[in-house]
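# Fold and contact review
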Amino acid sequence: MISVKEAQQLILNSVGKGSAARAETLDCAGRVLAEDIISPEDFPRFRQSAMDGYALRAEDLQARLLKVSGNIFAGGRLAASLKAGECAYITTGSPVPRNAGAVVPVEDVLAGAGVIQPRSKIKKGDNIREAGDDIKKGAILCRKGDLITPQSIGIFGALGIARLKVFLSPSVGIITTGAEVAAIGAGRLGKNKIRNSNLWSLAALLKSCGAAPAFSKALSDKEGLLPEFLGKLEKLPEIVILTGGVSVGGHDYVKEDLEKFGVRKLFWKVAQKPGKPVYAGVKGRTLFFGLPGNPAAVITCFYLYVLPAINKYRHRREIFLPEVSARLVAPLKAGGSRAVFLRGRFKDGKVEPLWGQGSHMLSSFLKTDCFIELEPSPPVVLKKGGNVKILLLTAC
Ligand code: AMP
Ligand code: MG
């Protein structure tokens, strides 16, 4: 049996890198940039008021009384220069007159008929946003290989960057196996049937890292069905994820069937829990993952093996889940010949191993935001407050 690290390396050695294409910026959250982004203009675009108030000249900062010469509203007509002893009523975000030195907020003036009296000291530059005070034209905003976050999309919008060059995600097919597996929503289920939750888990995980499934297929456990189905595909996707049928059960035909189809084995079985019987292989440019059927093993193996493959394909700099150290909230039994990945919850530097770690159990995933990784070791009880390595599930 190989280690998790060895298995990950074998996979990464077999993944190619995808090409790039232009896409609408609004569709790019969660994708990876294939170009550096240089700001085409200043942000804010123009010198503007930060408050509803009165714009006045720097020379009139000490004036006791100012004549209100006009109104400047956001999106309205541009204002002329201010004359000596005059100010202009202005709303937040409106361009200030060219010679304005400050804005005094409405709350800080006594307003009379066509005149105001500033009630507080005003300094030059008060309540004025300079053009480009946030982003200067020509500034490097993002680098090739950066993940595009939803919060960055608004910045690109503000700067008029309507399209981005992004790396393509791999096409991924999902094949579930098992005579007991029924389509979700298929109506009344027999006592011997289960719903295809692995399909939903995988489809949602793929979406969360920018790779929607190209196809999905549920196959029964009959030997030969898999090569028959794969043989009929017009084109193999870059990645095929299978679940179930990869262990040593009487109806587990996935490994043999894949090899019949011409897939070359990279590994079968990894010293880990959950997910020991995980299989990986390649045929041409297609990577095959044979994940065990147990729902928790599917999700864990996705994060450990499929996600890094997708990340490498789409040129991400961070290939693996981010690792941090956290203190245990309670003592924890560890040790054994396999690495263990426990579902955990991370808060304030501390991690709680969650109830419900069985590989058939899913409810703990409702709270899971990290895996606690325990390396193989002689049996040991880890102390409360002791440090453990955790893998964060935050950034895909
Ligand atoms: P297997 O690896 O095929 O022996 O399956 C292991 C366990 O996972 C069994 O309890 C299966 O019923 C369950 N299982 C297999 N496929 C799925 C699936 N697509 N969705 C949910 N559970 C599954
Ligand atoms: Mg099965």
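Just so it is clear, the model here is predicted, and its values are computed rather than measured. (Residues numbered from 1 in each chain as written. Chains lettered and ligands numbered in written order. Predicted model: local features only at pLDDT ≥ 70, side-chain atom pairs only at ≥ 80, totals over all residues. Heavy atoms only, no water.)

### What about the site of ligand 1?
Neighbouring ligand 1 are 14 residues, the closest being E180, N196, N198, G245 and G293. Here a nitrogen atom of ligand 1 and a side-chain polar atom of N196 are 2.8 Å apart. Contact between ligand 1 and N294: an oxygen atom at 3.2 Å from a main-chain N or O atom of the residue. Within the complex, 76% of the 480 Å² of free accessible area of ligand 1 lies under protein. At a threshold of 2 Å from the grid points, most atoms of ligand 1 map onto the largest pocket. Looking at the shell around ligand 1, the elements that each hand over two or more residues are β14 (172–177), β16 (194–195) and α3 (197–208). (Near = heavy atom within 4 Å. Polar contact = N/O pair within 3.5 Å; in protein donor to acceptor, adjacent residues only side chain to side chain. Areas by Shrake-Rupley, 256 points an atom, 1.4 Å probe, with all protein chains shown as cover. 1 Å grid on protein atoms, 1.4 Å probe; cavity = no way out; pocket = protein on both sides within 12 Å on 5 of 7 lines; lining within 4 Å. Sits in = over half its atoms within 2 Å of the grid points. Helix = DSSP H or I, 4+ residues; strand = E, 2+ residues; numbered from the N terminus.)

### Things to note about the sheet that holds strand β17 (residues 213–219)
What the 6 strands build is an open sheet, ordered β17-β14-β18-β22-β21-β19; its pairing is mixed. In the strand order of this sheet, the two ends are held by β17 and β19 (264–268), each with one partner. Within this sheet the neighbouring strands show an average axis-to-axis angle of 15°, counted without direction. As defined by bridge partners, β14 adjoins β17 across 6 bridges and the pair is classed as parallel. Within β17, the position partnered with T177 by the bridge is L219. Contacts between helix α4 (residues 225–232) and the sheet are confined to β14, β17, β18 (239–243) and β22 (286–291), with β17 contributing the most and set at about 150° to the helix. Taken strand by strand, helix α6 (residues 295–313) contacts β18 and β22, and its axis lies near 170° from that of β22. (Pairing = 2+ DSSP bridges. Axes fitted to C-alpha atoms, helices over the stretch in contact; angles between N-to-C directions. Contact = heavy atoms within 4.5 Å.)

### A short note on the nonpolar core
Most often, soluble globular proteins have nonpolar side chains that are buried together. If you look at the biggest cluster of nonpolar residues, it comprises 42 residues, and the most contacted ones within it are I11, I241, L287, F289, F302 and Y305. The biggest single contributor to this core is α6, with 13 residues. Counting contributing residues, this core receives three or more from each of domain 1 (4–18 + 169–313) and domain 4 (323–392). Setting aside chain neighbours within four positions, we find I11 in contact with L266, F267, A280, L287, F289, Y305 and A309. (Core = buried A, V, L, I, M, F, W, Y, C linked by side-chain atoms within 4.5 Å. Buried < 20%, exposed > 50% of the residue type's maximum accessible area, 1.4 Å probe, protein only. Domains from an automatic or database assignment.)

### Quick notes on the domain arrangement of the chain
Along its sequence, the chain is organised into domain 1 (4–18 + 169–313), domain 2 (20–43 + 134–167), domain 3 (48–129) and domain 4 (323–392). For domain 1 versus domain 3, the separation of C-alpha centres amounts to 66 Å.

### Details of the sheet that holds strand β13 (residues 163–167)
Spatially, the 3 strands line up as an open sheet ordered β1-β13-β2, and their pairing is antiparallel. Both edges of this open sheet fall to β1 (20–24) and β2 (32–33), since each of them pairs with a single strand only. Note: β1 against β13, 5 bridges, orientation antiparallel. Across the sheet, the residue bridging to A21 is V166, located in β13.

### Quick look at unusual backbone geometry
Cis geometry marks the peptide bond from F43 to P44, where omega comes out at -5°. Of note, P44 is situated in the loop between β3 (37–38) and β4 (48–49). At H315, a position not held by glycine, the phi torsion is positive, near 65°. Mapped onto the elements of the fold, H315 is located in the loop between α6 and β23 (323–328). A positive phi angle is found at D348, which is not glycine, with a value near 50°. With respect to the secondary-structure elements, D348 resides in the loop between β25 (339–347) and β26 (350–353).

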